[in-house]
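This is what each chain is made of:
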Amino acid sequence: MLFPDYRPRRMRQNAAFRRLVRETQLRVSDLILPVFAVGGKDVKNPIPSMPGQFQLSRDHLVKLAKSTAELGIPAMILFGLPEKKDPLGTQAYAPNGIVQQAVKAIKDKQPDLAVITDVCLCQYTDHGHCGVVDGNTIDNDASLDLIARTALSHCIAGADMVAPSDMMDGRVAEIRNLLDENDFSHVPIMSYAAKYCSAFYGPFREAADSAPQFGDRRTYQMDPANAVEAIREASMDVEEGADIIMVKPALPYLDIISRIREEIDLPMAAYNVSGEYAMIKAAAQMGWLDGHRVMMEALTAIKRAGTDMILTYFAIEAAELLQNK
Ligand code: PBG
């Protein structure tokens with residue numbers, strides 16, 4: 001059908017028609033809120049490069065969990081800032097570590113809010129890498145046991161789901177085995193399957209104090225130039241027992257989201273990362289962009305690319321807007 005027989009503008013002429021033909025619906029139930037847990041009491045440290053985001057002590061996290069649940073957001077993902085760091089990241093798998101304590105506190109008060117924990121060593125190691133360091137290299141196989149132990153300790157504390165973000169080879173299988181052996185076969189694994197070595201993580205590394213102290217993460221995170229490799233990474237994680245496949249970052253990688261959607265039949269998540277958040281917030285603060293509209297457009301685009309859920313620092317703001325619609 002061609003013009004003038006077909007006129008695409010017919011179905012755009014009023015809001016009712018536009019709603020009827022809208023293909024993608026961003027919903028509150030698509031959103032997962034990332035949060036940063038710190039020790040102490042009544043601590044609420046603003047994160048300068050992420051306006052509206054804070055490092056929160058347990059009492060504040062519990063309050064935030066309540067408002068998150070009340071808005072209808074299904075889940076939070078927790079990152080921890082330990083009091084001390086060491087070469088082996090021991091506080092990552094300490095039974096009473098920061099994430100373990102925060103999970104307990106939140107689940108105690110908000111049992112219906114799903115609490116996902118980020119499983120990684122980089123916030124807990126003094127060198128800031130996501131695995132064990134041997135000279136100038138990151139020892140893949142030596143890291144696996146510590147990563148799996150971290151996941152298990154989160155489950156013991158009450159985590160509903162674990163999300164390994166280290167990008168070591170074989171970690172999904174290692175975690176799955178250890179959880180299964182310890183009666184946690186019901187806990188799903190959300191795998192950061194295609195996680196790129198991205199400069200968009202800059203604000204997060206400030207927020208979580210997790211920048212590598214030497215070198216970079218290029219030997220374990222993916223080269224931003226690669227797409228076929230993302231399919232291979234995701235397929236391996238499916239074989240190893242992942243329940244949800246994640247792509248990260250989101251906006252600069254919409255092609256990866258849509259390719260994985262076509263090739264992999266598992267639920268998918270996309271992580272709208274700190275730098276994506278910071279760009280929009282900064283431009284909105286300058287008055288250069290309409291912050292709310294750009295936020296909704298970005299989240300809708302990520303959903304349109306094919307993901308089922310979005311990890312985003314915008315979760316609360318977006319949920320508030322969606323509720324008022
Ligand atoms: C830890 C981790 C990172 C992010 C999530 N988990 C940082 C990194 O890999 O350096 C980034 C999240 C964000 O930028 O919002 N491995």
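Here's a quick rundown of the structure. Everything quoted here is computed from the prediction, not taken from an experiment. (Residues numbered from 1 in each chain as written. Predicted model: local features only at pLDDT ≥ 70, side-chain atom pairs only at ≥ 80, totals over all residues. Heavy atoms only, no water.)

On to helix α8 (residues 254-263). Of all the positions in α8, only Ile 256, Ile 257 and Ile 260 are classed as buried. Seen from one end, α8 has its buried residues packed into an arc of 100°, which puts them on one side. Elements in contact with the buried residues of α8: β9 (190-195), α7 (228-240), β10 (244-248), β11 (268-272) and α10 (291-304). (Buried < 20%, exposed > 50% of the residue type's maximum accessible area, 1.4 Å probe, protein only. Helix = DSSP H or I, 4+ residues; strand = E, 2+ residues; numbered from the N terminus. Arc of directions from axis to C-beta. Contact = heavy atoms within 4.5 Å.)

Turning to the packing of aromatic side chains, a few remarks are in order. On inspection of all chains with the given rule, the structure shows nine aromatic pairs. Between Phe 36 and Phe 204 the ring centres are 5.5 Å apart and the planes differ by 55°, which places this aromatic pair in the tilted class. Here Phe 204 lies in helix α6 (residues 202-208) and Phe 36 lies in strand β1 (residues 31-37), a separation of 168 residues in the sequence. As far as the burial class goes, Phe 36 and Phe 204 line up, both buried. Pairing Tyr 192 with Tyr 271 gives two aromatic rings, centres 6.2 Å apart and planes at 40°, and the pair type is tilted. Within this pair, whereas Tyr 192 is found in strand β9, its partner Tyr 271 is found in strand β11, the two being separated by 79 residues in sequence. Take Tyr 192 and Tyr 271: they sit in the same class, and that class is buried. An aromatic cluster of at least three residues, connected via ring pairs, comprises Phe 36, Phe 79, Tyr 192, Phe 204, Tyr 271, Tyr 277, Tyr 313 and Phe 314. Residue placement shows Lys 195 over the ring face of Tyr 201; its charged tip is 5.6 Å from the ring centre. (Phe/Tyr/Trp six-rings, centres within 6.5 Å; stacked < 30°, edge-to-face > 60°. Lys NZ or Arg CZ within 6 Å of the ring centre and 35° of its normal.)

Here we come to the pattern of salt bridges. All chains considered together, the criterion is met by 13 salt bridges. Among the salt bridges present, the one from Arg 176 reaches Asp 180, with a minimum N-O distance of 3.0 Å. Remark: Asp 180 and Arg 176 occur in helix α5 (residues 171-181); sequence separation between them is four residues, near one turn of the helix. Judged by its relative accessible area of 37%, Asp 180 falls in the partly exposed class. Each of Arg 27, Asp 30 and Lys 303 takes part in one network of salt bridges that share partners. (Salt bridge = Lys/Arg side-chain N within 4 Å of Asp/Glu carboxyl O.)

What follows is about the packing of helix α2 (residues 58-70) against helix α3 (residues 98-109). Packing of α2 against α3 brings their axes to within 9 Å, and their N-to-C directions diverge by 40°. Considered as vectors, α2 and α3 are oriented oblique to each other. As α2 runs across α3, the sense of the crossing is right-handed. Where α2 abuts α3, its residues Arg 58, Leu 61, Val 62 and Ala 65 lie against Gln 101, Ala 102, Ala 105, Ile 106 and Lys 109. Here the contact of α2 with α3 is built from residues that sort into six nonpolar, one polar and two charged. (Axes fitted to C-alpha atoms, helices over the stretch in contact; angles between N-to-C directions. Parallel < 35°, antiparallel > 145°, perpendicular 65-115°, else oblique. Left-handed = near helix turned anticlockwise from the far one by under 90°. Nonpolar A, V, L, I, M, F, W, Y, C, P; charged D, E, K, R; others polar.)

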